Amino acid sequence: METAQPKRTRRLLIPLLLLLVLVQAGWIAYPSVRARVLSLEETPAVRGHRLAATLGCFACHGPDGMGGTANPGSDEDEVPAFTEQTQMMYVKTNDDLREYILDGAPKRRRDDPDYVTRMEKAGLRMPSYRAFVSSAQVDDLVAYLRATSGQVIPEEELARKGADLAIELDCFACHGPLGAGGVPNPGSFKGYIPGFWGADYDELVENDDELHQWIADGKLPRIAEHPVGGVFFRRQAAKMPAYGALVKKDGDIAALAAYVKWIRAGAWMPLIR
């Protein structure tokens, strides 16, 4: 004969299970709710990227600063890109970047008559944003520009090889400049592609084996088979490729993992400030 205690337990358990099902269904069905609860993890590079878009930087420097905008009359015939180490042709220090943002060019260039003459012939010229941005916003823009420059690379050989592979495989097109994250991903749990550093990374990668598996297989059973997380994993628009079948040489996965771990460790941060 059933005792009173199990009956009470069952009466309590059924409403709790129903509540859990309703909460889970609402979480899956209403992305606006998730957007309020799970805001994008802010990083200087992400803020700088967003600010560059609002300031109209990509109108001249191309989508996401990739270049390609024609500039008749200039020596290069097009506006320089932010990416693929193009910055190294124009920028010597982070202070140079600040001066480009604030005054249109570093003082050493503005004081050079030949440079001024060349710029006057160009159809498009770098504007001065001094009246439009705060000091903190300049810092964020510098962080974004340094992160996307291709110049922030590790000294350790395996991680450096991973950096070259990440550029070759265009990892940052999805994961943001220097893996800062934030690229929109409709249907995903948080609405954006996570970065290589910060709390999002810590939730998705618990150890080295999981990192290698993410890169090689493009998924992790702990996430893909989760009763809630699996729903978002399957329906997200952008999905992680399985690079184990795509890379060319043994050791490439280990190199990519070493580079991601170098980014996660944060030793590069002083280089983008």
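Check the entry above for the structure.
No experiment lies behind these values; they were computed from the predicted model shown.

Here is what the cut-offs are and how they apply
- Residues numbered from 1 in each chain as written.
- Predicted model: local features only at pLDDT ≥ 70, side-chain atom pairs only at ≥ 80, totals over all residues.
- Heavy atoms only, no water.
- Helix = DSSP H or I, 4+ residues; strand = E, 2+ residues; numbered from the N terminus.
- Buried < 20%, exposed > 50% of the residue type's maximum accessible area, 1.4 Å probe, protein only.
- Contact = heavy atoms within 4.5 Å.
- Areas by Shrake-Rupley, 256 points an atom, 1.4 Å probe, with all protein chains shown as cover.
- Core = buried A, V, L, I, M, F, W, Y, C linked by side-chain atoms within 4.5 Å.
- Arc of directions from axis to C-beta.
- Polar contact = N/O pair within 3.5 Å; in protein donor to acceptor, adjacent residues only side chain to side chain.
- Expected span 1.5 Å × (residues − 1).
- Salt bridge = Lys/Arg side-chain N within 4 Å of Asp/Glu carboxyl O.

**Quick word on the overall build of the protein chain**
No. 1: Across its full length, the protein chain holds 15 helices and zero strands.
No. 2: Within the span of the protein chain, comprising 273 residues, buried residues form 39% of the whole.
No. 3: The long-range fraction of contacts in the protein chain, counting pairs at least 24 apart against all pairs at least 6 apart in sequence, stands at 59%.
No. 4: For the protein chain, the accessible surface area stands at approximately 15700 Å², while carbon and sulfur atoms represent 60% of it.

**With respect to unusual backbone geometry**
No. 1: Although it is not a glycine, Asp64 adopts a positive phi angle of roughly 55°.
No. 2: Along the chain, Asp64 falls in the loop between α4 (57–61) and α5 (94–103).
No. 3: Here Leu178, not a glycine, exhibits a phi torsion of approximately 50°, which is positive.

**Let's talk about the nonpolar core**
No. 1: Counting residues in each nonpolar core, the largest one holds 34 residues, and the members touching the most others are Leu178, Leu211, Ile215, Tyr259, Trp262, Ile263 and Trp268.
No. 2: It is helix α15 (residues 252–265) that provides the largest number of residues to this core, a total of nine residues.
No. 3: For Ile263, the residues in contact, after removing those within four places along its chain, are Leu178, Phe196, Trp197 and Trp268.
No. 4: In terms of nonpolar packing, the next biggest core, distinct from the first, is built from 20 residues, Phe58, Leu97, Leu102 and Leu141 among them.

**Overview of helix α12 (residues 208–217)**
No. 1: Looking at α12, one finds that the buried residues are Glu210, Leu211, Trp214 and Ile215. Here the buried residues of α12 occupy an arc of 135° about the axis, which is enough to place them on one side.
No. 2: Contacts made by the buried residues of α12 are with α11 (199–204), α13 (221–224), α14 (229–235) and α15.
No. 3: For α12, the N-terminal cap is Asn207; the gap from its side-chain oxygen to the backbone nitrogen of Asp209 is 3.2 Å.
No. 4: Phi turns positive one or two residues past the end of α12, at Gly218, with a value near 75°.

**Here's the deal with the environment of Thr69**
No. 1: The topology assignment puts Thr69 in the loop between α4 and α5.
No. 2: Note: C-alpha distance between Thr69 and Ala59 (ten residues apart in sequence) is 8.1 Å.
No. 3: Once residues within four sequence positions are removed from consideration, Thr69 is found in contact with Ala59, Cys60, His61, Gly62, Glu78, Val79 and Leu124.
No. 4: For Thr69, the side chain forms a polar contact with the main-chain oxygen of Cys60, separated by 2.8 Å.

**With respect to helix α9 (residues 157–168)**
No. 1: Between its terminal C-alpha atoms α9 stretches 17 Å, which fits the 16 Å expected from twelve residues at 1.5 Å a residue.
No. 2: The inward-facing, buried residues of α9 contact α10 (172–175) and α15.
No. 3: Asp170 occupies a position one or two residues after α9 and carries a positive phi of about 60°.

**Quick look at the pattern of salt bridges**
No. 1: By the definition in use, this model includes 15 salt bridges.
No. 2: For Asp103, the salt bridge is made with Arg110, and the minimal N-O distance between the two is 3.5 Å.
No. 3: Assessed through its relative accessible area of 25%, Asp103 is described here as partly exposed.
No. 4: We classify Arg110 as partly exposed; its relative accessible area is 35%.
No. 5: Residue Glu203 pairs with Lys190 through a salt bridge whose shortest N-O separation is 3.4 Å. Highlighted residues: Glu203 in helix α11 and Lys190 in the loop between α10 and α11, separated in sequence by 13 residues.

**Details of the side chain of Asn71**
No. 1: Tracing the backbone through its elements, the reader meets Asn71 in the loop between α4 and α5.
No. 2: On the accessibility criterion, Asn71 (5% relative accessible area) is buried.
No. 3: Within polar-contact distance, the side chain of Asn71 engages the backbone nitrogen of Gly123 at 3.2 Å.
No. 4: Among all residues touching Asn71, those that are not within four sequence positions of it are Asp77, Glu78, Val79, Ala122, Gly123 and Leu124.

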